[in-house]
Amino acid sequence: SAIDMDKLLSSNASRMSRRIYSDEAVYRLEQDRIFKHNWLYLAHESQLKNSGDFMLAYMGEVPVIVARGEDGKIHASVNSCSHRGVPVCSADKGNARSFVCPYHGWTYASDGRLLLVPQDRKKNCINKESLGLKQVPRIESVFGLIFGCFDPEVESLESHLGDMRYYLEAMFDRFPSGIEVVGAAQKWRLSSNWKLPVETLLGDVAHGQFLHGSFLSAKDMKNAEDTGLNVVPKAGHGSIMRLLPPDTPIEHMTWGMEAVLSDSVPEELKEYLLNTQRESMKRLDAVQGRIKASTLGVYPNFSAFGYHSSIRVSHPRGPGETEYWTWWFVPADASDAVREMLRPNYNFYFGPGGALEQEDVYSWQQQFIGASIPGMEDTPLVCELGLGEETSHPEMPGQVGDCYNEHYVRQFYLRWKEDMKKGGE
Ligand code: FES
């Protein structure tokens, strides 16, 4: 490869080239080395309960149909007709017995098999068995989160996650009824590199008091995470969290909103959140029950946001263009009334109209401009905070640093560099 990865990232990842965010050749190589060989988030099982349920997703730049087949299994097929390449499905989600290409009517099953070619009158010139939609060969799920991978030889999802599984469990397996993803994704475009939103949710606590400073002071809030921890369960994955002391009163531990502490919260919601927390404490182990994860990230581009109750994916669309998708999740047994009371928590602070997200998006877009200044490509960026200070934790798996430790960025990019080098030497 013409790209010298060691010039892009120093050996301990404390210095990185701006080209990592802005260079077209680096971006193209990522599509090949990162997105074709890693587990990528597709959908949540609550969105695909019945045979024929489907939704569209992306794996990097590749559009896929994720569907539950007649066999009850989840399948993912590239959304492009074998005849002339037209997308065979244009609805974001729904339930369908088959997908009929709008151009000449070739018809495919939920699992991608080619069922019918209307023009093949003598039924002898088309070998239907070999002309199904291209399949994503590996599909696995964890706590209802479905991931796919184009590389048939990839390690299991379980092994990819390593100790990240423990933290996913604390967020996604805490409710006895499970979680339910509600409605369609919010989707929006950012003039930013896809990795920057990922980094932010992996561990960037430091921006809170500055970027969101006026908002937080106007609301008389302080950044709750500036006393928290940055956890790296395995290189590339991460979480911003607080581990509450064992004697913390239950009303300080509830999932989702901090709302139960406020007088203005309706009794019904307060009651529901307290009960839900009691159930979660029985279900999770004694440490997991005390974890308040504000964010999680799974390498390469999946994020989850605890306070916002959202699942997020950062889809690459060019070095300086990202399509960001966010879904809202709630405990599956939450009543309609409780959902309505929780909804502002999803829409007010974050998402395309969110008061705080506007500020994040501004910085992500400005960062791409800074990473693209001519002549500055090789003036490196600094990822040195807390270098070497991360340690193991007595109660939780992974490497833990204080909230401003940039271990999470260094580990993300070391994993990224390893992948970018694979197959290229
Ligand atoms: Fe799909 Fe022709 S392109 S049927």
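The structure reproduced in this document is the subject of the present report. Worth saying up front: this structure is predicted, and the values here are computed from it rather than measured.

Bringing helix α12 (residues 407-421) into the picture now. In this model α12 runs 21 Å from its N-terminal to its C-terminal C-alpha over 15 residues, within 8% of the 21 Å that 1.5 Å per residue would give. Among the 15 residues in α12, 11 count as buried, and that is most of the element. Along α12, the residues classified as buried are H407, Y408, V409, R410, F412, Y413, R415, W416, K417, D419 and M420. Of the residues flanking the end of α12, it is G423, one or two places downstream, whose phi is positive at about 75°.

Their axes nearest at 9 Å, the elements helix α3 (residues 24-33) and α12 cross at an angle of 80°. In terms of axis orientation, α3 runs roughly perpendicular to α12. Where α3 approaches α12, its residues V26, L29, E30 and R33 are matched on the opposing element by W416, D419, M420 and K421. When the residues that make up the contact of α3 with α12 are grouped by side-chain class, the tally is four nonpolar, no polar and four charged.

Next up on the list: the sheet that holds strand β9 (residues 114-116). An order of β7-β8-β9 is seen for the three strands of this open sheet, with the pairing classed as antiparallel. The strands lining the two open edges of the sheet, one partner per strand, are β7 (98-100) and β9. Direction aside, neighbouring strands of the sheet carry axes that sit 35° apart on average. With three bridges joining them, β7 and strand β8 (residues 107-109) adopt antiparallel strand pairing. Bridging from a neighbouring strand, V100 pairs with T107 of β8.

Thresholds, definitions, all that
Residues numbered from 1 in each chain as written. Predicted model: local features only at pLDDT ≥ 70, side-chain atom pairs only at ≥ 80, totals over all residues. Heavy atoms only, no water. Helix = DSSP H or I, 4+ residues; strand = E, 2+ residues; numbered from the N terminus. Expected span 1.5 Å × (residues − 1). Buried < 20%, exposed > 50% of the residue type's maximum accessible area, 1.4 Å probe, protein only. Axes fitted to C-alpha atoms, helices over the stretch in contact; angles between N-to-C directions. Parallel < 35°, antiparallel > 145°, perpendicular 65-115°, else oblique. Contact = heavy atoms within 4.5 Å. Nonpolar A, V, L, I, M, F, W, Y, C, P; charged D, E, K, R; others polar. Pairing = 2+ DSSP bridges.

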